[in-house]
Amino acid sequence: MTETTKLNSLKHLAKRYARAKRITQNQALNLVAEKLGFADWTKLVSANKKDWRPSSEQMEGVEAFVANAFPAADFQAGHPDVMARRSAYLDDAEHGMIGDHPYRLLVTLHDIIMMGDGWSIAVPENPGARPIVQTVTEDDGKFPVFDPEFLQEALSLARDRADRVHGEISTDWPRRSTKPDHDGVVRHPLWGDESAVWYCLHCDEKITGTQIAQNLWHCPGCGASPLDIFNTAFWCEDEGKSLSPVKADGAKDNDKPDFRVVDDRPKLELNAEKITLLIRSALLDDATNVSERLGALHAEITVDDDNDVWISLEEDLWPHDKEPVQVLIVATQLGIEVELETTWSTVPFHWPGLGEITSSTSEYTQMMLEAYARYDSSPDNDM
Ligand SMILES: [Zn+2]
């Protein structure tokens, strides 16, 4: 690779990164420069002029950095590879029917998710956690999960799948992580240290090796993940001697699902900002020349607590007898009232009438510049 191509590949990588992360190209160039130890891209370019070249390891580092940015963003951008992976993933979901109700069942990050129309059941990775049944509204007779028979069948399907996942997790872990020795000593599946007593950083409780192994390294008290479980309570002055044993009420309602109503359907919440945006857009629809367009952009739009709107239009930029028809239509659609008033303030440019004779901003700008030039008293502009 020649030296110019190296710089070009860095630019190319930065461009891809910018696309993936939806940031400007400049920001991406600076980030790439930072990865290579420079304060910003300009510094990198001047170093390059003084014979600095990225090593192949550095190039690989940047490539990896850029590649990592991709999956999530490509998902949204509809990148064909990623879309293919996504549909493969959805195909992996098991489809089925319980009675007349279709469902999909899938495993994400060790949690089991079962979904139907307007309802879902999640069985978390933590074997001690209660399943979560979610619906978009309260029970209105529409969702089968409120029927005890359906619920039981669905839960047993999801739990069977969860058991398989737990089996897979245990297989991946050292045997000592799931099977205590005769002293109750177990090995932490991530840290690898061994002990018969463990502590939860999250809820400050003492857990026996047998308890933690049975619960697949989730705290039996608060459900914290293996990341929060340690064999010394290093955060306590006495290293955990004073901490009390976790309440071993393993059988506490674990079978009873936790019902939640989470309405995540898109909902329109009209607020002052959104109303202002629509009203201004409608004003622009009503504007027929540059002057009126400036008037629409310049208009002061106030929205009160009842979402009713007050529009102050600049007299010089909006004919006082001109009814903003589109604004009134939009207001009716939104069910809000509109009041119009005319104000007199300083207009952004002199000779507002110039804007009335054209609908092209560039033409207007030219006329406006020329008009200003005529009044310019500097000797160069003597006309
Ligand atoms: Zn805990």
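Rules behind the numbers
- Residues numbered from 1 in each chain as written.
- Predicted model: local features only at pLDDT ≥ 70, side-chain atom pairs only at ≥ 80, totals over all residues.
- Heavy atoms only, no water.
- Helix = DSSP H or I, 4+ residues; strand = E, 2+ residues; numbered from the N terminus.
- Buried < 20%, exposed > 50% of the residue type's maximum accessible area, 1.4 Å probe, protein only.
- Contact = heavy atoms within 4.5 Å.
- Areas by Shrake-Rupley, 256 points an atom, 1.4 Å probe, with all protein chains shown as cover.
- Salt bridge = Lys/Arg side-chain N within 4 Å of Asp/Glu carboxyl O.
- Core = buried A, V, L, I, M, F, W, Y, C linked by side-chain atoms within 4.5 Å.
- Phe/Tyr/Trp six-rings, centres within 6.5 Å; stacked < 30°, edge-to-face > 60°.
- Lys NZ or Arg CZ within 6 Å of the ring centre and 35° of its normal.
- Polar contact = N/O pair within 3.5 Å; in protein donor to acceptor, adjacent residues only side chain to side chain.
- Donors = N, O, S within 2.8 Å, 3.2 Å for Na, K, Ca; no water.
- Tetrahedral: all angles 85-135°; square planar, octahedral: opposite > 155°, others 65-115°.

A.B. asks: Any chance you could explain the overall build of the chain here in plain terms?
C.D. replies: Helices and strands together make up the secondary structure of the chain, namely 13 helices and 14 strands. Residue burial in the chain is summarised as follows: out of 383 residues, 35% are buried. Residue pairs in contact within the chain that sit at least 24 positions apart in sequence constitute 55% of those at least 6 positions apart. Accessible surface computed for the chain: about 23100 Å², of which carbon and sulfur atoms make up 51%.

A.B. asks: Explanation requested: the pattern of salt bridges in the structure shown.
C.D. replies: Where charged atoms from two side chains of opposite charge come close, those side chains can pair. Under the counting rule described, the total for this entry stands at six salt bridges. A salt bridge links aspartate 51 to arginine 53; the shortest N-O distance between them is 3.8 Å.

A.B. asks: Mind showing me how you'd approach the nonpolar core here?
C.D. replies: Where a protein is soluble and globular, its nonpolar side chains tend to be buried together. The biggest cluster of nonpolar side chains holds 33 residues, and the ones touching the most others in it are Met114, Trp119, Ile121, Val145, Ile207 and Ile229. Secondary structure elements with two or more residues in this core: strand E2 (101-108), strand E3 (111-115), strand E4 (119-123), helix H7 (148-172), strand E8 (197-200) and helix H9 (209-214). Residue contributions to this core peak at eight residues, all from H7. Those residues within four positions of isoleucine 207 in sequence are excluded, and the remaining contacts are Ala196, Val197, Trp198, Tyr199, Cys200, Ile212, Cys219, Pro220, Ile229 and Val246. With 20 residues, the next largest nonpolar core counts Leu7, Ala28, Ala47 and Val66 among its residues.

A.B. asks: It is not clear to me how the packing of aromatic side chains should be interpreted in this structure. Could you clarify?
C.D. replies: The way to describe two aromatic rings as a pair is by their centre distance and the angle between their planes. Evaluation of the coordinates by the stated rule reveals eleven aromatic pairs. Between tryptophan 351 and tyrosine 372, the ring centres sit 4.9 Å apart and the planes meet at 75°, which makes this aromatic pair edge-to-face. Of this pair, tryptophan 351 sits in the loop between strand E14 (338-343) and helix H13 (361-375) while tyrosine 372 is found in helix H13, placing the two residues 21 residues apart along the sequence. For tryptophan 351, a relative accessible area of 28% corresponds to the partly exposed category. Under the relative-accessibility criterion, tyrosine 372 is labelled partly exposed at 32%. Taking the centre distance of 5.4 Å and the plane angle of 35° together, the rings of tryptophan 351 and tyrosine 375 count as tilted. Of this pair, tryptophan 351 sits in the loop between E14 and H13 while tyrosine 375 sits in helix H13, and the two are 24 residues apart along the sequence. Judged by its relative accessible area of 63%, tyrosine 375 falls in the exposed class. These aromatic residues form a ring-pair network of at least three members: Trp191, Phe230, Phe234 and Trp235. Its end group placed over the ring of tryptophan 318, lysine 322 keeps NZ or CZ at 5.4 Å from the ring centre.

A.B. asks: Looking at this structure, how should I read the side chain of asparagine 215?
C.D. replies: In this fold, asparagine 215 is placed in the loop between H9 and strand E10 (229-230). Taking relative accessible area as the criterion, asparagine 215 reaches 11% and is therefore assigned buried. In this structure the side chain of asparagine 215 is engaged in a polar contact, spanning 3.3 Å, whose partner is the backbone nitrogen of glycine 128. Among the polar contacts made by the side chain of asparagine 215, one reaches the main-chain carbonyl oxygen of histidine 218 at a distance of 3.0 Å. Residue contacts for asparagine 215: discarding those within four places in its chain leaves Asn126, Pro127, Gly128 and Pro220.

A.B. asks: Teacher, can you tell me more about the coordination of the zinc ion here?
C.D. replies: Metal coordination angles in their ideal form are 109.5 degrees for the four-donor tetrahedron and 90 or 180 degrees for the six-donor octahedron. Listed as protein donors to the zinc ion are Cys200 (SG), Cys203 (SG), Cys219 (SG) and Cys222 (SG); their distances from the metal cover 2.2 to 2.3 Å. Seen from the zinc ion, its four donor atoms lie at angles of 106 to 112°, and the figure they make is tetrahedral. Look at where the donors of the zinc ion fall in the sequence and you get C-x2-C-x15-C-x2-C. Among the residues examined, cysteine 219 registers a relative accessible area of 1% and is labelled buried.

No statement about biological role is implied by the geometric values presented.
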